[in-house]
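As a plain string of letters, each chain reads:
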Amino acid sequence: MSRLAERFRQGGVFVWLSATVLAFCLAMIIGLVGYIAAKGMGYFWPSPLVQVQTPDGPILGEITGQQPTHGEEPAKTQFRVGNRDIYGQDFRWVPTADLSAPEFPKDALLIERLEYGPFIGRIVSLSHDGQPVATGPAAITEAASRLPETLRIRRHIQSIEKGQVGDLNRRIERIRLARRKLEEGRDASALQALDAKAAALQTTYDELQTSLEQSRSESKAWILGLQTVDGQTRDLPLGSVVRMVPANAMNRFDKLGVYLSRLWEFLADDPRESNTEGGIFPAIFGTVMMVLVMSVLVVPLGVITALYLREYARQGWVVRAVRVAVNNLAGVPSIVFGVFGLGFFVYSLGGTIDQLFFSDSLPTPTYGTGGILWASLTLSLLTVPVVVVATEEALGAVPRSQREASLAMGATKWQTLWNIVLPSATPGILTGLILAIARGAGEVAPLMLTGVVKLAPSMPLDGTFPFFHLDRKFMHLGFHIYDVGFQSPNSEAAKPMVFMASFLLLLVVVILNLFALNLRRKLRERLGGSTF
Amino acid sequence: MMNPGAIDMEIDDPRPVPEPTLLHASLDGAAKRVGIFSQPDLPLTDPSVLSAPTMLKVERLNLFYGEKQALDDINLQVARNSVTSFIGPSGCGKSTLLRCLNRMNDLIDDVRIQGRVMMGDTDIYAPGTDVIALRKRAGMVFQKSNPFPKSIFENVAYGLRIQGQGDRVVLEEAVERSLKGAGLWEEVKDRLKDSAQGLSGGQQQRLCIARALAVRPEIILMDEPCSALDPIATARVEELILELKREFTIVIVTHNMQQAARVSDHTAFFWMGKLIETGLTEKLFTNPGHRMTEDYITGRFG
């Protein structure tokens, strides 16, 4: 007993205890990230297409799940059979006992297409303008060689739709607004000039539409004849094929190619099919942009508040009360901030801005509706206590001797703050910013009220003047996870997307934090490591 | 950092040391002023210093921290181009008095000051006094060296920069002059861009002196400038003080009585917020006019 007491007294036990707890925490974090990464990253690897016989007919698809026997319930296997347009659902549970031995037919294909999720089956023919070109295995090779060309056409159409058509629409809208203004003034000549401009624009627009229509019909000329495993046939224009994956006929390198191409599509493309397919680039972009705007807003807000509280305000009960209030602000549920943001920023502030500066386009709101500015502002309110507390501590840690040295040189209080105190406090302020980013990047609830949307038609940063469009709605990874996972019509298919989006959200936060950490490290080096 | 010059200097020290002959001479003059001695709050100076123009004049100064009186009816004069040291036990008010001279006590809440401090012809506590301008006239060196976390150059240039001086040539000239004045130029001239916090303790303290010199003050207030330095660095700073005396008026607070004896022309002894005795340094250390002074300098105090 006394030996045990001795060990406690020496503290060796606590070294082990603390080390174990640390190891446990590390294991949990690594486990969390690893689980999410594994679940998400594996999604892009082409799985083999399994063909089995069941009493209800043959099934062709990827095996996505197993369920062991549960009392009365027999063991079941889950297949992803695709063909939502034919079967009505992507997935099917089949009792494992009913399955015949699996086959892996080499000619089975998984075709990713623009609508209805993947098609899983076989290509029987390829035709051009109704004329059959190839059948059987030759059709597959022919289709594969035609595919890059159709992809190019589709990309071309998309770029015209997004770029030129969007631009024309904006110009026509501007003319419409200008016209409405002029109509009040009754300036006939100006009106005529405007009408001429509008007509010219309309002509360009029509020409563009014609060429678009042409490209569209071109891409629809090539038709794939498809057949499912149970004999049903479908025609699919080659133009709506995204990717053809003959999983069973591929070697490891082909699969790696598919993997990388899918990963790139996911990172760099816009979403399709109510976000369950395609990429999530707008969400990544929106998240980063929102965090950056939030940082730009929260740092001055927090630092100036802390400066006044710590340096200028007379330390009394009022300041103490303010400090307590600021600290408590950090504990307010984020949805409350969302409600405040909606009521104050969006409706009151945004509504007033619209009345004053954008009255032409009313009743369509410009700032009077959710947007990235309001969302970032709401989040900066949410995170400002963190910055205030960190800054106050950093200011307090600047040695009194240095302030006195500066004041004794004849510097004013402000000069001392600006030249001596703030530079020394910058690493501490950055610590606050890092914490704010960590908190802000993951918030979803307040954003849903103040500007995040399921699908944003345009990004908050683009090539049209004035480049930053702070009034625009945006997409966000956190909301994307919620939307895909819980609001999606096909949540089973979207499950890997949820993991992948979560992983990316983690990655975005880590990368943003690394930037701030690096900045702080550099500043500390410059300051000679004297402050905390 | 171990500077051979510093050691040499320690050995053949030119400064006044209480040698018997010297003592004797000063005793001689001091004996004539016994009458003034009995009034300890009057400044004790010899005729030559009395005829020198007065730089600082403290008149009936009382200072209160809240209810507590920290300085009690101080009357004191500091002659131009002299070194005056304040000695006394901890908490006797000597640092407080020093900080009254450039109004650094203003920074502390709850301080109340009565009386006058004349710097030249201006009462620095008169309403409407420009404190910023005052502090430019009275530079300060602190107990712990406190260079800013900037480069050596920027540290010295700081005072001019905050006055709005942006001309590179003027700044470079001032930095060189100040660093030479502080005896630091040779050591740092090749690394002016380096962080000041990489310097040794003694160098940092001399940098702080250079920083104070850069704005060309009239008075330099030193608050125990050597208390954190080793003997060699201390010797260098003391040597510097004697150099600076030619151009500036120096007031130094010290706990080290040997230091006070070595560097100062005048010494003022404080006890419990009161000025007990002031006078020529040699006189005060060899023939103190007050029993308490004698007890303190001989170490029998308390």
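What you see is a predicted model; the values in this text were computed from it and never measured.

Caption draft 1: Fine view of the overall build of chain B. When helices and strands are tallied, chain B shows 14 helices and 10 strands. For chain B, with 302 residues in total, the buried portion stands at 51%. Relative to all contacts within chain B whose residues are 6 or more apart in sequence, the contacts with residues 24 or more apart total 69%.

Caption draft 2: Here's a closer look at the interface of chain A and chain B. Each partner contributes residues to the interface: chain A has 21 residues there, and chain B has 23 residues. Each partner contributes to the roughly 1,900 Å² buried at the junction of chain A and chain B, and carbon and sulfur atoms together form 60% of this total. When the buried area of chain A at its contact with chain B is split by residue, Glu 404, Ala 408 and Met 409 of chain A rank highest and sum to 33% of it. Across the chain A-chain B interface, the total number found is 1 salt bridge. When the shortest N-O distance is used, the salt bridge between Arg 99 of chain B and Glu 404 of chain A registers 2.5 Å. Connecting chain A to chain B are 6 residue pairs in polar contact (both at pLDDT 80 or more). When residues of the side of chain A that touches chain B are traced back to their parent elements, those giving at least two are helix H11 (400-408), helix H12 (413-441) and helix H15 (491-527) of chain A.

Caption draft 3: Layout of the sheet that holds strand S1 (residues 54-65) of chain B. Residue and element names in this part refer to chain B. Reading across from one edge, S2-S1-S4-S5 is the order of the 4 strands in this open sheet, with antiparallel pairing throughout. Only two strands of the sheet have a single neighbouring strand rather than two, namely strand S2 (68-79) and strand S5 (122-123). In the sheet, S1 pairs with strand S4 (residues 111-119) via 8 bridges, with the strands oriented antiparallel. In the sheet register, Phe 64 faces S4, and the bridge partner there is Arg 112.

Caption draft 4: Spotlight on the pairing of strand S7 (residues 131-135) of chain A. Residue and element names in this part refer to chain A. Summarising the sheet, strand S6 (residues 119-128) and S7 pair through 4 bridges and their orientation is antiparallel. The partner of Ser 125 across the bridge, within S7, is Thr 135. Counted along the chain from S6 to the antiparallel partner S7, the turn is 2 residues long, and its residue Asp 129 has a positive phi close to 50°.

Caption draft 5: Seen up close, the packing of aromatic side chains. If you walk through the whole model with that rule in mind, you get 16 aromatic pairs over all chains. Look at Phe 340 of chain A and Phe 345 of chain A: their rings are 5.7 Å apart centre to centre, the planes differ by 75°, and that puts the pair in the edge-to-face class. Given the relative accessible area of 38%, Phe 340 of chain A is considered partly exposed. With a centroid separation of 5.9 Å and 0° between ring planes, the pair formed by Phe 345 of chain A and Trp 374 of chain A is classed as stacked. One end of the pair, Phe 345 of chain A, is in helix H9 (residues 334-357); the other, Trp 374 of chain A, is in helix H10 (residues 372-397), with 29 residues separating them in the sequence. The burial state of Phe 345 of chain A is the same as that of Trp 374 of chain A; both residues are buried. By way of ring pairs, the aromatic residues Tyr 43, Phe 44, Trp 45, Tyr 259 and Phe 266 of chain A are connected into one cluster. The ring of Tyr 87 of chain A is capped by Arg 92 of chain A, whose NZ or CZ atom sits 4.9 Å from the centre of that ring. In this structure, Arg 112 of chain B packs its charged tip against the face of Phe 64 of chain B, placed 4.3 Å from the ring centre.

Caption draft 6: Spatial organisation of the packing of H10 of chain A against H12 of chain A. Residues and elements named next belong to chain A. Between H10 and H12, whose axes approach to 8 Å, the crossing angle comes to 150°. The way H10 lies across H12 gives a crossing that is right-handed. When H10 is examined against H12, the residues Leu 379, Leu 382, Thr 383, Val 386, Val 387, Ala 390, Thr 391, Ala 394 and Leu 395 are found in contact with a partner set consisting of Val 421, Leu 422, Ala 425, Gly 428, Ile 429, Gly 432, Leu 433, Leu 435, Ala 436, Arg 439 and Gly 440. The class makeup of the residues in the contact of H10 with H12 is 14 nonpolar, 5 polar and 1 charged.

Caption draft 7: Region of interest: the environment of Arg 60 of chain B. Residue and element names in this part refer to chain B. Topologically, Arg 60 is positioned in strand S1. Distance from Arg 60 to Ile 132, taken between C-alpha atoms, is 24 Å for residues 72 residues apart in sequence. If we skip the residues at most four places from it in the chain, Arg 60 touches Asp 73, Ile 74, Asn 75, Gln 114 and Gly 115. At 3.4 Å, the side chain of Arg 60 forms a polar contact with the side chain of Asp 73.

Cut-offs used in this document
- Residues numbered from 1 in each chain as written.
- Chains lettered and ligands numbered in written order.
- Predicted model: local features only at pLDDT ≥ 70, side-chain atom pairs only at ≥ 80, totals over all residues.
- Heavy atoms only, no water.
- Helix = DSSP H or I, 4+ residues; strand = E, 2+ residues; numbered from the N terminus.
- Buried < 20%, exposed > 50% of the residue type's maximum accessible area, 1.4 Å probe, protein only.
- Contact = heavy atoms within 4.5 Å.
- Buried area = accessible area lost by both parts, 1.4 Å probe.
- Salt bridge = Lys/Arg side-chain N within 4 Å of Asp/Glu carboxyl O.
- Polar contact = N/O pair within 3.5 Å; in protein donor to acceptor, adjacent residues only side chain to side chain.
- Pairing = 2+ DSSP bridges.
- Phe/Tyr/Trp six-rings, centres within 6.5 Å; stacked < 30°, edge-to-face > 60°.
- Lys NZ or Arg CZ within 6 Å of the ring centre and 35° of its normal.
- Axes fitted to C-alpha atoms, helices over the stretch in contact; angles between N-to-C directions.
- Left-handed = near helix turned anticlockwise from the far one by under 90°.
- Nonpolar A, V, L, I, M, F, W, Y, C, P; charged D, E, K, R; others polar.

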